[in-house]
Amino acid sequence: MKANEIMSALEAKHPGEKEYLQAVREVLYSIEDVYNEHPEFEKAKIVERMVEPDRVLAFRVPWRDDRGEVHVNLGYRVQFNNAIGPYKGGIRFHASVNLSILKFLGFEQTFKNALTTLPMGGAKGGSDFSPRGRSDAEVMRFCQAFMLELWRHLGPDVDVPAGDIGVGGREVGYLFGMYKKLSHEHTGTFTGKGMEFGGSLLRPEATGYGALYFVHQMLAGAGMDLSGMRVGVSGFGNVAWGAVKKATELGAKVITLSGPDGYVYDPAGVSGEKIDYMLELRASGEDIVAPYAERYAEAEFRPGRKPWEVPVDVALPCATQNELDLADAEQLLANGVKCIAEVSNMGCTAEAVDYLLARKALFAPGKAVNAGGVATSGLEMSQNAMHLSWSAEEVDARLHQIMSAIHDQCVRFGRDGDTVNYVKGANVAGFMKVARAMMAQGVL
Ligand code: 2IT
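What counts, and at which threshold
Residues numbered from 1 in each chain as written. Predicted model: local features only at pLDDT ≥ 70, side-chain atom pairs only at ≥ 80, totals over all residues. Heavy atoms only, no water. 1 Å grid on protein atoms, 1.4 Å probe; cavity = no way out; pocket = protein on both sides within 12 Å on 5 of 7 lines; lining within 4 Å. Points joined across faces, edges and corners; volume = space filled by probe spheres on them. Nonpolar A, V, L, I, M, F, W, Y, C, P; charged D, E, K, R; others polar. Helix = DSSP H or I, 4+ residues; strand = E, 2+ residues; numbered from the N terminus. Expected span 1.5 Å × (residues − 1). Buried < 20%, exposed > 50% of the residue type's maximum accessible area, 1.4 Å probe, protein only. Core = buried A, V, L, I, M, F, W, Y, C linked by side-chain atoms within 4.5 Å. Contact = heavy atoms within 4.5 Å. Axes fitted to C-alpha atoms, helices over the stretch in contact; angles between N-to-C directions. Parallel < 35°, antiparallel > 145°, perpendicular 65-115°, else oblique. Salt bridge = Lys/Arg side-chain N within 4 Å of Asp/Glu carboxyl O.

Peer 1: How should empty space enclosed by the protein be read in this particular structure?
Peer 2: Think of a ball as big as a water molecule: rolled over the atoms, this probe shows where empty space is left. According to the stated counting rule, one finds one cavity of 30 Å³ or more in the structure shown. What the largest cavity holds in volume is close to 30 Å³. Lining the largest cavity, in full, are Glu26, Glu108, Glu342, Met346, Pro365, Gly366 and Lys367. Taken together, the residues of the lining of the largest cavity break down into two nonpolar, one polar and four charged.

Put into structure tokens, the structure is as follows:
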């Protein structure tokens, strides 16, 4: 396989799908050497099959707002690959959602889920619906309209969605409720459910907690510890919240948060009730971080800027794709950053990743760092299938174990002298598992 030839063909076939092409390019270049040691992969056209989704479902979602006006949004589910388990992956509601973004997310999810050690395939879905400023009743009607189309493609052993940007506990509740009504079954067909109806303890915290367990191991491998370190976080949603909570618990000080409106610099650290306030801020539905600095006088709001200009020891992009670019990476390194870990999916641009790898920076990609979220979704599926629920301690112990296993795989496949190329490690480890499963199942 020649990665550049496959990329040219894909660019011609899917022009303009820049996020999707970016995600595929990163994986292909990092697996190229290993792949070419396996002529049987080439013969079975594994890569050519793996880069295209199994199927893409696209549908319109008409709904009525509180004034009775009709709106039409687009709905999607990209069922990318089910070689190692049922399709699994979140649903994103955000004005920016398009097919390229959902294909990139579904593609990444396939490798991420393979890394978790649990039997889950990869998928992603969503809509260009923006929940921003919408009432509860409007969100409910939108979720019901979305599900009216999607439900027939889901099932506990078929496709199990969860949350992502714009889809939290409230939305999962409405989506699952409609699924249950239409399918006439109460099964674990969604994860991230409420605790009263099959949710798992620790699922809300899991992405951020898992990321910090991973960062802890990255630092330990390089002879460092998080305790006493300054941490820069972007975003202020569910993922950022879990990351801030665990970073603080491990003795670090989180000094930034951000939103689409700019970032807040809090030299005193985001700790104690400020962490709970993040949930309140998110629940307001306004998607702005500025009110944080009105409430806490020690913090400063810096409109229209990104947090990466603040000197920190650890940088954790927790907001969305491509939020950290080459200039940001250069500035972080110039300011002495020790570790950069993507908690958002593909949080860094391709140029930023190339630069960090060339500099042999301690850097790890989202598909390894943030896999604790979907891994805990996998644990929720297990609990649902067994009709029982585990204690928070039990879930946390399993999450620890899984993050450790992911870190081990990255080191095993990404070791490069006395450093670790986590991008290569994660891509090769995830790829090999999916490739072997596809080989065993024949040409499909
Ligand atoms: O990007 C992700 O891994 C998620 N949004 C979570 C997916 C899941 O199924 O829990």
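Peer 1: Mind showing me how you'd approach helix α15 (residues 371-386) here?
Peer 2: Structural remark: α-helix, 3.6 residues per turn; residues separated by three or four positions point the same way. The end-to-end C-alpha separation of α15 is 23 Å, in line with the 22 Å expected for 16 residues at 1.5 Å each. Here α15 lies mainly inside the structure; 13 of its 16 residues are buried. His387 lies just past α15 and shows a positive phi near 55°.

Peer 1: I would appreciate a short explanation of the nonpolar core in the present structure.
Peer 2: Grouped burial of nonpolar side chains is what soluble globular proteins tend to show. Phe214, Val233, Leu257, Tyr292, Val314, Leu316 and Ile406 are the most contacted members of the largest nonpolar core, which totals 64 residues. Sort the elements by how many residues they give to this core and helix α8 (residues 203-221) lands first, with nine residues. The residues contacting Ile406, other than those within four sequence positions of it, are Leu115, Thr116, Phe214, Ala368 and Ala371. Counting 41 residues, the second largest nonpolar core, distinct from the first, contains Phe41, Phe111, Ala114 and Val434.

Peer 1: Whenever I open this one, the packing of helix α5 (residues 99-115) against helix α17 (residues 422-441) confuses me. Can you help?
Peer 2: Geometry of a packed helix pair, given as the angle between the helix axes and the separation of the axes. Packing of α5 against α17 brings their axes to within 8 Å, and their N-to-C directions diverge by 85°. Considering their axes alone, α5 and α17 lie roughly perpendicular with respect to each other. Of the residues in α17, those touching α5 at Thr110, Phe111, Ala114 and Leu115 are Ala426, Ala429, Gly430, Phe431, Lys433 and Val434. Taken together, the residues of the contact of α5 with α17 sort by class into seven nonpolar, two polar and one charged.

Peer 1: Would you mind showing me how to read the pattern of salt bridges here?
Peer 2: It is possible for side chains of opposite charge to pair when their charged atoms get near one another. On inspection of all chains with the given rule, the structure shows 31 salt bridges. One salt bridge in this structure joins Arg134 and Glu138, with 3.3 Å as the shortest N-O distance. Here Arg134 falls in the partly exposed class, since its relative accessible area comes to 28%. With relative accessibility at 6%, the residue Glu138 sits in the buried group. Note that Arg170 is salt-bridged to Glu171, the shortest N-O span being 3.0 Å. On the basis of relative accessible area, Glu171 is assigned to the buried category, the value being 6%.

Nothing here speaks to function; it is all geometry.
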